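# A look at the structure
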Amino acid sequence: MRLMALPCWCFAFADMGSDEDKALPPPPPVVPSNLVPELEPLKKNMILPMARRGSGSKGQRIGLLTNHFKVNFNNANGQFFHYSVAITYEDGRPVEAKGIGRKILDKVQHTYQTDLGSKYFAYDGEKTLFTVGALPSNKLDFSVVLEDAPSSRNNTGNGSPSEGNDGDKKRTRRPNQSKKFMVEISYAAKIPMQAIAAALQGKETDSLQDAIRVLDVILRQSAARQGCLLVRQSFFHNDAQNFVPIGGGVIGVRGFHSSFRTTQGGLSLNIDTSTTMVVQPGPVVEFLLANQNVKEPYSIDWKKAGRALKNLRVKVAPSNREYKISGLSDDRCKDQLFTRNSKNEIGEVVETQTTVYEYFTEFRNVPLKYSGDFPCINVGKPKRPTYIPIEHCELVSLQRYTKSLSNLQRASLVEKSRQKPPERMNSLTTGLKNSNYNADLVLQESGVSIGTNFTQVEGRILPAPKLKVGNGEDFQPRNGRWNFNNKKLVEPTIVTRWAVVNFSARCDTNRLISDLIRCGNMKGINVEPPFDVVFQENAQFRNAPPHIRVEKMFEQIQSKLPGKPKFLLCILAERKNSNVYGPWKKKNLSELGIVTQCIAPTPRINDQYLTNVLLKINAKLGGLNSLLAMERSQAMPAVTQVPTIIVGMDVSHGSPGQSDIPSVAAVVSSRQWPLISKYRACVRTQSRKVEMIDNLFKLVPNQEEKLVDEGIFRELLVDFYSSSQKRKPDHIIIFRDGVSESQFNQVLNIELDQMMQACKFLDEKWNPKFTVIIAQKNHHTKFFQERGPDNVPPGTIIDSKICHPRNNDFYLCAHAGMIGTTRPTHYHVLYDEIKFTTDDLQELVHSLSYVYQRSTTAISVVAPICYAHLAAAQMGTVMKFEDMSLSETSSSHGGITTSGAVPVPPMPKLNPDVASSMFFC
């Protein structure tokens, strides 16, 4: 039972009214002693993203080009008309087949031009079309006939499809298929084009997003008519020159992204190169050989093949008809029986059983070279199959591959997709020319045309911040890079009570240990000799399940060491995707509280490799490799003179197809103020694919039925307080990764609100000031030097012309782009109670790209966000190897659930001995 607490004004009304009303009320009900009052939430005003306060001025000016192309417009008084489209078969059934809608509407456009008032329309491929000006009527009905239109269901016969065999014509007729389609177009709304004219002047109106959507639909229709594969706002031509194989029967396809953007300089079309993955087109067998990495068809695993082929489309010889694969036959082609109708000697139609192989070779006289020994492709329904020999099937081109890529495939895709700045500029110029947007009839009617020149913008190069290393030495990074040659780490740690563990890797461990001690001493780290024994994996457990291998290793460790070690160096045989990694991290971080570093060394280990390993070890054990000079000075008063906590937030989602893996939310925060180079992490699970973090503030009753906060943010605030001379942060700076512009309001009104509540719950009188900044890497704006083929210099910032007309955003290329074209990070300042000056805030963001303890380079995004990403990824591997039976009992472990959803298994808690360490580094 819960009691709703009433607002005080409810009782004030009791004293008002006539004398009769003033009779004593009945006694209140008895309230149970264990009742937890449920407070009515206060209605708060919605927080909206802040407006720009001005542009920065620091830094050396530099002329740049960007891949935004100016939009010209000459029809300010026009209107777009929005119509709903309904397509049905002749018998009234809705058409559900994807892709056919465009063919049907193209036929309507060409057949009924007069009825359409000679107007051209832009159709989105589903249920919406747009015109410039109104159609002759608010409701129009058309009927069209398509030749060889696909059916709403695949062939429903029980056997092999026949093309041209008289004896089987009745069987191959497709029930419920109609090639006649009924199209209903009905008026829905008007969209004034004045919104586009306003956008050209840098102003946003209520109708602008609707008008931009119309323009995007026009471009998508133009690409679709050229036979392109459309993937959101990107399109890919069916041209073998754009195909790059990346292994496993997967092809990377180069294409283009295009989207209209509102900027301070007006409306522009942002065009960028884009890549997607498709299935290797051509003979099905060749795809399967590549997919399974085998050399001949007899080695194919047909169960895997069935999963890989399901729902792909094939073109069948000799008719060239397309079908969707529903599976494979149970038996090989020579043995797979089906029932067919045939005439006996006296002309009666009788059912006979024959094999697919006999049917094709004897009745159809179609020779089969190799299909007889392999399963057939089923293009019918599971219970009403239609079988086709595998050699007659070719996979149709441009079919998206949506499964997760292997590390090798991903590396190959990145390598083959990268382009140097001049190469990318040439690609974009050619792509814009070939798209020929200005010839599109709907775009012409709307009065929109697109310029052909890259937009000129002015950037500024911010100077790199000074860093401190050992012995009080200051130094200035050059070109976004530095090294520790002849330098000591600023706060080296002592590596003591440590051991080496080897999971069956080929490695000279004695040499590794001596070299590690030598390199550590050069950097100021006192690496004491490890325990005498190197723990080698017992050969009999090499093929055991991963968690068994880990348990057996710890049995060795516990039997031979005098107590718990402080640090374990773990040598793995596999560089990527070691199945021991997850269980090993879980055992050390969650159960035992031991700091650990995993390595997979090559046979020849050089000092550079060892130095990089030592940087991670030093950070994990509580040391610091370098820090910003301003952390020990008064250079930025808002951060170094006022207690300030810096927070990084990220949510990691499972790979495609992993429906049982929850999302992982990670929040990191700075500690030991005035430092902003040391962080700790708090990681929790939440419902799958939920982007907003829902555990920042979480009230639960304790054993005394008192409400306590078990949220993420309280844990981080308490750590800051205990590590920063018992000070609460007065300034809280939040960096959030991975959210789109449509989610900005949610960040402010859900996540920020939770953090404010967490502060108030700790201390009602405490009023810290918040600043919230979004970092986006997943965008398509690139910058090029006006003069020269190189990437833009590190520290290049752009906060004018192509930035948002109202909101406070800027682009920053903090790092040196060594490969391909530099991708800037797009920062959006949504909220700023601290009231930073523009230059100070941009300098802080730039400086936070230099505090990443794992490397000696400036990184592309602020370190707190990188750390949050690392923490989510590392603890995600722990979840991946968790016993999934845990999900059945997760509610008793405090797992989060959503209504009607499967309980979310909780993240294993970190051992207190490592909880405040940079274990993720």
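Coordinates for the structure precede this section.
First, a word on what this report is: a plain description of the structure on this page. (Residues numbered from 1 in each chain as written. Predicted model: local features only at pLDDT ≥ 70, side-chain atom pairs only at ≥ 80, totals over all residues. Heavy atoms only, no water.)

### Some points on the overall build of the protein chain
Regarding its fold elements, the protein chain presents 21 helices and 41 strands. Considering only residue pairs separated by 6 or more positions, the protein chain has 72% of its internal contacts joining residues 24 or more positions apart. Of the accessible surface of the protein chain, which amounts to about 44200 Å², a share of 49% is contributed by carbon and sulfur atoms. (Helix = DSSP H or I, 4+ residues; strand = E, 2+ residues; numbered from the N terminus. Contact = heavy atoms within 4.5 Å. Areas by Shrake-Rupley, 256 points an atom, 1.4 Å probe, with all protein chains shown as cover.)

### Quick look at the packing of helix H13 (residues 546-560) against helix H14 (residues 581-592)
To characterise two packed helices, one gives the angle between the axes of the helices and the distance between these axes. Across the interface, H13 lies against H14 with an axial gap of 9 Å and an inter-helix angle of 50°. By the angle class used here, H13 and H14 are oblique. Judged by the twist between their axes, the crossing of H13 over H14 is right-handed. Side by side, H13 and H14 meet where Pro546, His547, Val550, Glu551, Met553, Phe554 and Gln558 of the first sit next to Pro583, Trp584, Lys587, Asn588 and Leu592 of the second. Looking at the contact of H13 with H14, its residues break down into 7 nonpolar, 3 polar and 2 charged. (Axes fitted to C-alpha atoms, helices over the stretch in contact; angles between N-to-C directions. Parallel < 35°, antiparallel > 145°, perpendicular 65-115°, else oblique. Left-handed = near helix turned anticlockwise from the far one by under 90°. Nonpolar A, V, L, I, M, F, W, Y, C, P; charged D, E, K, R; others polar.)

### Let's talk about helix H8 (residues 356-363)
Buried residues of H8: Val356, Tyr359 and Phe360, and no others. In a view along the axis of H8, the buried residues occupy a sector of 90°, so they form one face of it. Looking at the residues trailing H8, positive phi occurs at Asn365, about 55°. (Buried < 20%, exposed > 50% of the residue type's maximum accessible area, 1.4 Å probe, protein only. Arc of directions from axis to C-beta.)

### Some thoughts on the packing of H14 against helix H20 (residues 863-880)
Where H14 meets H20, the closest approach of the two axes is 8 Å, and the angle between their N-to-C directions is 105°. Compared by their axis directions, H14 and H20 come out roughly perpendicular. Of the residues in H20, those in contact with Tyr581, Gly582, Lys585, Lys586 and Leu589 of H14 are Gln874, Met875, Thr877 and Val878. Tallied by class, residues from the contact of H14 with H20 come to 4 nonpolar, 3 polar and 2 charged.

### As for the sheet that holds strand S14 (residues 321-324)
Strand order in this open sheet of 4 strands is S12-S20-S13-S14, and the pairing throughout is antiparallel. Unpaired on one side and paired on the other, strand S12 (282-283) and S14 mark the two borders of the sheet. Here strand S13 (residues 313-316) pairs with S14 via 4 bridges, running antiparallel. In the strand pairing of S14, Lys315 is matched with Glu322. (Pairing = 2+ DSSP bridges.)

### A few points about the sheet that holds strand S5 (residues 139-145)
The strand order S3-S4-S2-S6-S5 describes an open sheet built from 5 strands, whose pairing is antiparallel. The open sheet has two free edges, formed respectively by strand S3 (121-123) and S5, since each of these has just one partner strand. Within the sheet, the average angular offset between the axes of one strand and its neighbour, ignoring direction, is 30°. Across 3 bridges, the pairing between S3 and strand S4 (residues 128-132) is antiparallel.

### Structural notes on the pattern of salt bridges
Tallied over the entire structure, the rule returns 37 salt bridges. Of the charged contacts, one joins Asp373 and Lys334 as a salt bridge, the two residues approaching to 3.9 Å between their closest N and O atoms. Of this pair, Asp373 sits in the loop between H8 and strand S18 (375-378) while Lys334 is found in the loop between strand S15 (327-332) and strand S16 (337-343), placing the two residues 39 residues apart along the sequence. Owing to a relative accessible area of 36%, Lys334 belongs among the partly exposed residues under this scheme. Note that Glu491 is salt-bridged to Lys678, the shortest N-O span being 3.8 Å. (Salt bridge = Lys/Arg side-chain N within 4 Å of Asp/Glu carboxyl O.)

### With respect to the packing of aromatic side chains
Counted according to the given criterion, the structure contains 23 aromatic pairs. A ring pair is formed by Phe919 and Phe920, whose centres lie 5.3 Å apart and whose planes are at 75°; its orientation type is edge-to-face. No difference in accessibility class separates Phe919 from Phe920, as the two residues are buried. Ring pairs connect the aromatic residues Tyr679, Tyr852, Tyr867, Phe919 and Phe920, which therefore count as one cluster. Just above the ring of Tyr357 sits the side chain of Lys334; from NZ or CZ to the centre is 5.5 Å. Seen from the ring of Phe475, Lys487 lies directly overhead, with NZ or CZ sitting 5.2 Å from the centre. (Phe/Tyr/Trp six-rings, centres within 6.5 Å; stacked < 30°, edge-to-face > 60°. Lys NZ or Arg CZ within 6 Å of the ring centre and 35° of its normal.)

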